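Given next are the chains, with one letter for each unit.
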Amino acid sequence: MEKTVCELFAGVGGFRCGLNSISTIEDAKKPEKWETVWFSQWEPADKKTQWAHDCYVNRFGTSLDLDGNDTTNEDINAVDKSKVPDHTLLVGGFPCQDYSVASTLATSKGLEGKKGVLWWDIRDMLEAKNTPFVLLENVDRLIKSPASQRGRDFAIILACFRDLGYTVEWRVINAAEYGYQQRRRRTFIFAYRNDTKYAKKVLEDANYVAMHGDELHRHSIAKVILSQGFFATSFPVNPLDVKYVKIGKLPKGIGELSQSFSFTFENSGMMLDGTIYTAKTVPSYDGKQITLGDIMETGVVDRQFFIPREKLYYTNPDVTHSDETKQKLTKEERQTWQYLKGAKKICRTAANGHEYVFSEGPIALIDEYNKPARTMLTSEGSFSRTTHIVRDKQTGEIRLLTPVEMERIQGFPSDWTKECLVDGEKVPMPVNKRKFMMGNALVVDLIKQMEPELSNIVENE
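Residues numbered from 1 in each chain as written. Predicted model: local features only at pLDDT ≥ 70, side-chain atom pairs only at ≥ 80, totals over all residues. Heavy atoms only, no water.

### Side note on the overall build of the protein chain
- Each helix and strand in the protein chain was counted, giving 15 helices and 16 strands.
- Its C-alpha radius of gyration of 24 Å places the protein chain within 12% of the 23 Å reference for a compact globule of 461 residues.
- By its C-alpha atoms, the protein chain is 70 × 55 × 45 Å across when sized along the principal axes.
- Sequence-distant contacts, at least 24 apart, represent 70% of the contacts inside the protein chain between residues at least 6 apart.
- A total accessible area of about 20,700 Å² is found for the protein chain, and carbon and sulfur atoms account for 49% of it. (Helix = DSSP H or I, 4+ residues; strand = E, 2+ residues; numbered from the N terminus. Rg over C-alpha atoms; globule rule 2.2 N^0.38 Å. Contact = heavy atoms within 4.5 Å. Areas by Shrake-Rupley, 256 points an atom, 1.4 Å probe, with all protein chains shown as cover.)

### Structural notes on the sheet that holds strand E7 (residues 246-249)
- Pairing within the open sheet is mixed, and its nine strands lie in the order E2-E1-E3-E4-E6-E5-E8-E9-E7. Edge positions in the sheet fall to strand E2 (35-39) and E7, since each of these pairs with one other strand and no more. Strand-to-strand twist across the sheet, computed as the mean angle between neighbouring axes with direction ignored, equals 20°.
- Taken together, the four bridges between strand E5 (residues 166-174) and strand E8 (residues 268-272) define a ladder with antiparallel strand orientation. Bridging across to E8, arginine 171 finds its partner in serine 268.
- Its contacts with the sheet place helix H5 (residues 197-205) against strand E4 (133-139), E5, strand E6 (185-193) and E8, and it is angled at close to 105° to E6. (Pairing = 2+ DSSP bridges. Axes fitted to C-alpha atoms, helices over the stretch in contact; angles between N-to-C directions.)

### Focus: the pairing of E8
- The buried fraction of E8 is high, at five of five residues.
- Residues Ser268, Met270 and Leu272 point to one face of E8 and Gly269 and Met271 to the other, with burial holding for every one of them.
- Hairpin connection of E8 to strand E9 (residues 275-279): two residues between the antiparallel strands, including aspartate 273 at a positive phi of 55°. (Buried < 20%, exposed > 50% of the residue type's maximum accessible area, 1.4 Å probe, protein only.)

### Describing the side chain of aspartate 65
- Position of aspartate 65 relative to the elements: it lies in the loop between helix H2 (51-60) and strand E3 (89-93).
- Of the side chains bearing the opposite charge, lysine 83 lies closest to the buried aspartate 65, which forms no salt bridge; the N-O distance is 7.5 Å.
- With sequence-adjacent residues up to four places away left out, aspartate 65 is seen in contact with Trp38, Thr71, Lys83 and Pro85. (Lys, Arg positive; Asp, Glu negative; His and termini not counted. Salt bridge = Lys/Arg side-chain N within 4 Å of Asp/Glu carboxyl O.)

### Let's talk about the confidence of the model for the protein chain
- Model confidence for the protein chain is summarised by a mean pLDDT of 92, while 95% of its residues fall at 70 or above.
- Residue range residues 99-116 is modelled with pLDDT below 50. Its contacts to residues more than four positions away, or to other chains, number 45 contacts. (pLDDT = per-residue confidence, 0-100.)

### Side note on the sheet that holds strand E11 (residues 343-349)
- Spatially, the three strands line up as an open sheet ordered E10-E11-E12, and their pairing is mixed. The open sheet has two edge strands, strand E10 (321-323) and strand E12 (355-360), and neither has a second partner. Geometrically, the sheet is characterised by an average inter-axis angle of 25° between neighbouring strands, direction not taken into account.

### Some remarks on helix H4 (residues 152-163)
- Look at H4: 16 Å from first C-alpha to last across 12 residues, which is about the 16 Å you get at 1.5 Å a residue.
- Burial analysis of H4 places 11 of its 12 residues in the buried class, the great majority of the element.
- For H4, every residue scored as buried is listed here: Arg152, Asp153, Phe154, Ala155, Ile156, Ile157, Leu158, Ala159, Cys160, Phe161 and Arg162.
- Where H4 is buried, its residues meet helix H3 (119-129), E4, E5, E6, helix H8 (254-260) and E8.
- Positioned one or two residues after H4, glycine 165 has a phi angle of 90°, which is positive. (Expected span 1.5 Å × (residues − 1).)

### A look at the environment of lysine 426
- With respect to the helices and strands, the residue lysine 426 is situated in strand E16 (residues 425-428).
- Taking relative accessible area as the criterion, lysine 426 reaches 55% and is therefore assigned exposed.
- Lysine 426 sits 368 residues away from asparagine 58 along the chain, and the two C-alpha atoms are 7.7 Å apart.

### Notes on the environment of valine 224
- Turning to its location among the elements, valine 224 is positioned in helix H6 (residues 214-228).
- Valine 224 sits in the buried class, given a relative accessible area of 2%.
- Measuring from C-alpha to C-alpha, the distance between valine 224 and glycine 299 comes to 47 Å, with 75 residues separating the pair along the chain.
- The residues touching valine 224, leaving out its near neighbours within four places in the chain, are Glu169, Val202, Ala206, Gly229, Ala232 and Met270.

### Focus on the side chain of aspartate 121
- The residue aspartate 121 is located in helix H3 in this model.
- Accessibility expressed as a relative area gives 4% for aspartate 121, which makes it buried.
- A polar contact is formed between the side chain of aspartate 121 and the side chain of asparagine 77, at a distance of 2.4 Å.
- Residues within four places of aspartate 121 in sequence aside, it is in contact with Ile76, Asn77 and Lys81. (Polar contact = N/O pair within 3.5 Å; in protein donor to acceptor, adjacent residues only side chain to side chain.)

### Notes on the pattern of salt bridges
- According to the stated counting rule, one finds 29 salt bridges in the structure shown.
- Aspartate 367 is the partner of arginine 374 in a salt bridge, and the nearest nitrogen-oxygen pair spans 2.8 Å.
- Take aspartate 367: its relative accessible area is 9%, and that puts it in the buried class.
- A cluster of three or more residues bridged by salt bridges with shared partners is formed by Arg123, Asp124 and Glu127.

### Description of unusual backbone geometry
- Here the residue pair serine 145 and proline 146 is connected by a cis peptide bond, since its omega of -5° sits within 30 degrees of zero.
- Within the fold, proline 146 resides in the loop between E4 and H4.
- Phi is positive for aspartate 273, close to 55°, though the residue is something other than glycine.
- Considering the arrangement of structural elements, one finds aspartate 273 in the loop between E8 and E9.
- For aspartate 423, which is not a glycine, the phi torsion comes out positive at approximately 50°.
- Structurally, the position occupied by aspartate 423 is in the loop between strand E15 (419-422) and E16.

### Comments concerning the nonpolar core
- One finds Leu89, Leu135, Phe190, Phe230, Trp416, Leu446 and Met450 to be the most contacted residues of the largest nonpolar core, which totals 72 residues.
- Not counting residues up to four positions away in its chain, the partners in contact with phenylalanine 230 are Leu135, Glu169, Phe190, Tyr198, Met450, Glu453, Leu454 and Ile457.
- Formed by 44 residues, the second largest nonpolar core is a distinct cluster that contains Trp38, Ile76, Val84 and Leu164. (Core = buried A, V, L, I, M, F, W, Y, C linked by side-chain atoms within 4.5 Å.)

As structure tokens, this is what we get:
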């Protein structure tokens, strides 16, 4: 079977970089192990320039549909999925949204989801192209959302896969727990069609017999989750007593799922024929730990990233708390990183007139070299509590991360987002956009670690 890929919600190409072991910009010019036959990247918020799409095209070129048209920068809702070239693997990092639906129909009968919820475009692509293998990435809270009905959204996704004839494995992976340079937890989903050789092999290796009951199945599926499955092979976990593998059932109708289903999904699991098997696993890794200090620039850094003292501190640098129930601070004092990241007490009034004291604890003002970076968010380029602040390696002065450092934190080549191809001309990407792209990306290193097993699976089909 050919190693062909369709990349949805492609961003600046994280999956493609990972599947093809791209570590430098020059690597992107070499023949690829996995051929990307089509991709989709459209950002409705970018009215003038589609920065992510144009960065992707600058590095990889574009892809045409079966009619010879370039639809890669169109709203995926409007794309005719039947015109997408056939592919072996569908990948994508899709937004976490509300997946509830009003319909009581089974997904195979044409489920109508809420408009704009991008999961349904993945589902429609699978129905149109009958893709053998699927690898998706999402935020870690996916398996718990929404708060009012824990597990419903993930169960709807699993039910869609069930009704389309797929088996699913999932794992919540923290990149730092496998030695990488960011403490970033993400849910990964690997699905495979039930008629693939791989699907049969997984069950045969686990000694799974369909006629056996749940208890015997628990032992077989535990082998998949803990040692023999896709994620267990790529990211080892510690042994676990099979009694801790929980079992649940998906209702037959999606409508029933939307209205009443609730289930506690753990960080590892499998869905087979509508039965859920899930367990809380612990990573098994004793190798090198890459830290923030390892990826920081060591040369001269542009002065635009350094923070003036008056913007860093409003009082003694040792102060980590502010109590405005006793003394109000000025607007200028509140516009400092010291205040933003420090502990606070503030008098507030609710909409109903109730007065209360808002409080929050402190977080470290400066991120130290000897730990992996904290999770990067799309707010990284703004004045935010979650923004990283570091000590420059050459001068010792305090500054923000550079775009290159952010690219390295996510495992991209240095300067990957430096330029875009806009209307045939290379254009620099604004710094704030580069930071947004990286806050929105996945950890490329994790896909690189999965790729050998993906290649093995596809080559044996």
